[in-house]
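Here is how the chains run, residue by residue.
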Amino acid sequence: MTHVFHRHPKQSLPTAVAGEGITLIDQNGKRYIDASGGAAVSCLGHSHPEVIAAIHQQIDAVAYAHTSFFTNEPAEQLAQFLAQRAPGDLDYVYFVSGGSEAIEAALKLARQYFVEKQQPSRRLFIARRQSYHGNTLGALAIGGNAWRRAPFLPLLTEAHHVSPCYPYRDQGADESDHAYATRLADELEQKILQLGPENVAAFVAETVVGATAGVLVPVPGYLQAIRRVCDQYGVLLILDEVMCGMGRTGHLFACAEDEVTPDILTIAKGLGAGYQPIGAMLASRRIYQTLVDGSGFFQHGHTYMGHATACAAALAVQQVIERDQLLHNVRVRGQQLRQGLHQTLSAHPNVGDIRGRGLMVGIELVADKQSKAPLDHHAKTHAQLRRVAMDKGLLMYPMGGTVDGVHGDHILLAPPFICTAQDIDHIVELVSATIFEVLPFTHQPVALSA
């Protein structure tokens, strides 16, 4: 009998007792390839000796000191590391304990920024349908996943939503990337005008959409068009890179590939790689200076913000990634992963789309490729996939509600940055075997004529 309040109390879970590289080991000695990094967290794999040593060293010195009284060296060094590598003028880093906290901090900073600028009417936030920004009430309020929001609607503050950048389903067959990006930017502009520009504080978007829609990669020019609309109406751009940031797409900051700098950016997951709970909000010099020149106080805080041991772990993680040039490996292995999945799964009638950047890959499953009709949501195909994969010793991240929060199934893959070519081949083999078992399909290749 357990006294842990598990998120799925009816399920009986194995106990993780050890981790080695890209594998986790349960109490029975069974090994699992961690092809999702938990939820795109364990980017450096498990039990990395240098990160563990950094944690021990910090605990031996000082594990924690409240930030109302002290700063600490790991926080100072990690902030400098991130600010020096962040795009544009994202020069100031606010450390928290996870992604939802980072988003809450971003929302409150955006609001306080306009209060300090004597624009108190700017209180509204616009995000996108099928987005996910966290489970705390503020983050859930701006999130666009209807299923996650539904039970808590009476508690959520006002937020507004526009279309996601979802080319597989929403881009016209004859519509260029530029035309599609322009259409989405026009929709955002119309929403701002409808609400009144003087009332809108920020537009919030995941640079690459993660868990709820299965890795939606923006078409070229989309984020730049969004940036121009925000600038035109004095609206802040908040980019959520909690899942897709910190090297997951092959760039330390995912938005760098799109050549866009937000006003506020949030990171977590891959920042500390799961070795300690940590997240962060990066703010532009302009926003930071507005508070410094005004009240001189950010009216927000958490007990464990700037936690010394968490910052020491994250700094060690990032130093290893940079020293070992793992972002290059992410790009190479990510291309291998997508190519391997295309080769083994493209002919499967239920595999509608394979997409991604770096080692962040989504597989969208459908009932019919031509119509793109989703699978019967009552079948809970995503849950079947998860169970069969675990039986095979594979951890992946399937989800339902891909299309609208209710309908649709996808698999998210986010293996560690340390994966070898052989690891990726094995992951492709196990993912494919899982899909073929849950969604049987016999395909006889057509022999080519001599």
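Residues numbered from 1 in each chain as written. Predicted model: local features only at pLDDT ≥ 70, side-chain atom pairs only at ≥ 80, totals over all residues. Heavy atoms only, no water.

Re the packing of aromatic side chains
So, point 1. The final tally for this structure, using the stated rule, is five aromatic pairs.
So, point 2. The residue whose ring lies beneath Arg85 is Phe81, and the NZ or CZ to ring-centre distance is 3.6 Å. (Phe/Tyr/Trp six-rings, centres within 6.5 Å; stacked < 30°, edge-to-face > 60°. Lys NZ or Arg CZ within 6 Å of the ring centre and 35° of its normal.)

Points about the confidence of the model for the protein
So, point 1. Of the residues in the protein, 98% reach a pLDDT of 70 or more, and the chain-wide mean stands at 96.
So, point 2. Low confidence marks residues 444-450, where pLDDT is under 50. Its contacts with residues over four positions away, or in another chain, come to zero contacts. (pLDDT = per-residue confidence, 0-100. Contact = heavy atoms within 4.5 Å.)

Here's the deal with a nonpolar patch on the surface
So, point 1. A surface patch of nonpolar side chains, amounting to about 250 Å² of accessible area, comprises Tyr92, Tyr288 and Val292.
So, point 2. You can see Tyr288 is positioned in helix α10 (residues 285-293).
So, point 3. Among the residues examined, Tyr288 registers a relative accessible area of 36% and is labelled partly exposed. (Patch = residues over 30% accessible without salt bridge, like charges linked within 9 Å, V, L, I, M, F, W, Y side chains within 5 Å. Areas by Shrake-Rupley, 256 points an atom, 1.4 Å probe, with all protein chains shown as cover. Salt bridge = Lys/Arg side-chain N within 4 Å of Asp/Glu carboxyl O. Helix = DSSP H or I, 4+ residues; strand = E, 2+ residues; numbered from the N terminus. Buried < 20%, exposed > 50% of the residue type's maximum accessible area, 1.4 Å probe, protein only.)

Some remarks on the nonpolar core
The tendency in soluble globular proteins is for nonpolar side chains to be buried as a group.
So, point 1. Membership of the largest hydrophobic core comes to 100 residues, with the highest contact counts inside it found for Leu82, Phe95, Phe203, Phe253, Leu341, Ile363 and Leu413.
So, point 2. Sorting elements by how many residues they give to this core places helix α11 (residues 308-323) first, with nine residues.
So, point 3. Those residues in contact with Phe203, other than ones at most four positions away along the chain, are Ile126, Ala127, Arg128, Val162, Leu188, Tyr222, Ile226, Cys230, Val235, Leu236, Leu237 and Ile238. (Core = buried A, V, L, I, M, F, W, Y, C linked by side-chain atoms within 4.5 Å.)

Quick look at the sheet that holds strand β10 (residues 279-284)
So, point 1. Reading across from one edge, β4-β10-β9-β8-β7-β5-β6 is the order of the seven strands in this open sheet, with mixed pairing throughout. The sheet terminates laterally at β4 (90-96) and β6 (160-162), the two strands that pair on one side only. Strand-to-strand, the axes of this sheet are offset by a mean angle of 20°, without reference to chain direction.
So, point 2. Bridge analysis of strand β9 (residues 264-267) against β10 gives four bridges, and the strand direction is antiparallel. Bridging from a neighbouring strand, Thr266 pairs with Met281 of β10. (Pairing = 2+ DSSP bridges. Axes fitted to C-alpha atoms, helices over the stretch in contact; angles between N-to-C directions.)

Here we look at helix α3 (residues 73-85)
So, point 1. Between its first and last C-alpha, α3 extends 19 Å over 13 residues, near the 18 Å set by a 1.5 Å rise per residue.
So, point 2. Every buried residue of α3 is listed here: Pro74, Ala75, Leu78, Ala79, Phe81, Leu82 and Ala83.
So, point 3. Taken together, the buried residues of α3 touch α2 (49-61), β4, β9 and α11.
So, point 4. For α3, the N-terminal capping position is held by Asn72, with its side-chain oxygen 2.9 Å away from the main-chain nitrogen of Ala75. (Expected span 1.5 Å × (residues − 1). Polar contact = N/O pair within 3.5 Å; in protein donor to acceptor, adjacent residues only side chain to side chain.)

A word on the packing of helix α8 (residues 177-195) against helix α9 (residues 222-232)
So, point 1. For the pair α8 and α9, interaxial distance at closest approach is 9 Å and the crossing angle is 25°. The angle between α8 and α9 falls in the class roughly parallel. Note that α8 runs across α9; the crossing there is right-handed. Two secondary-structure elements touch here, α8 through Ala181, Leu184, Ala185, Leu188, Glu189 and Ile192 and α9 through Tyr222, Ala225, Ile226, Val229, Cys230 and Gln232.
So, point 2. Looking at the contact of α8 with α9 residue by residue, the classes come out as 10 nonpolar, one polar and one charged. (Parallel < 35°, antiparallel > 145°, perpendicular 65-115°, else oblique. Left-handed = near helix turned anticlockwise from the far one by under 90°. Nonpolar A, V, L, I, M, F, W, Y, C, P; charged D, E, K, R; others polar.)

Structural notes on the pattern of salt bridges
So, point 1. Evaluation of the coordinates by the stated rule reveals 16 salt bridges.
So, point 2. The partner of Asp263 in a salt bridge is Arg286, and the shortest N-O contact between them spans 2.7 Å. Taken as a pair, Asp263 in the loop between β8 (236-241) and β9 and Arg286 in helix α10 lie far apart in primary sequence, 23 residues in all.
So, point 3. Look at Asp263 and you get buried, because its relative accessible area is 6%.
So, point 4. Classification of Arg286 by relative accessible area gives partly exposed; the value is 41%.
So, point 5. Of the charged contacts in the structure, one is a salt bridge between Arg355 and Glu364, with a shortest N-O distance of 2.8 Å.
So, point 6. Owing to a relative accessible area of 10%, Arg355 belongs among the buried residues under this scheme.
So, point 7. The network of salt bridges with shared partners includes Arg169, Asp353, Arg355 and Glu364.

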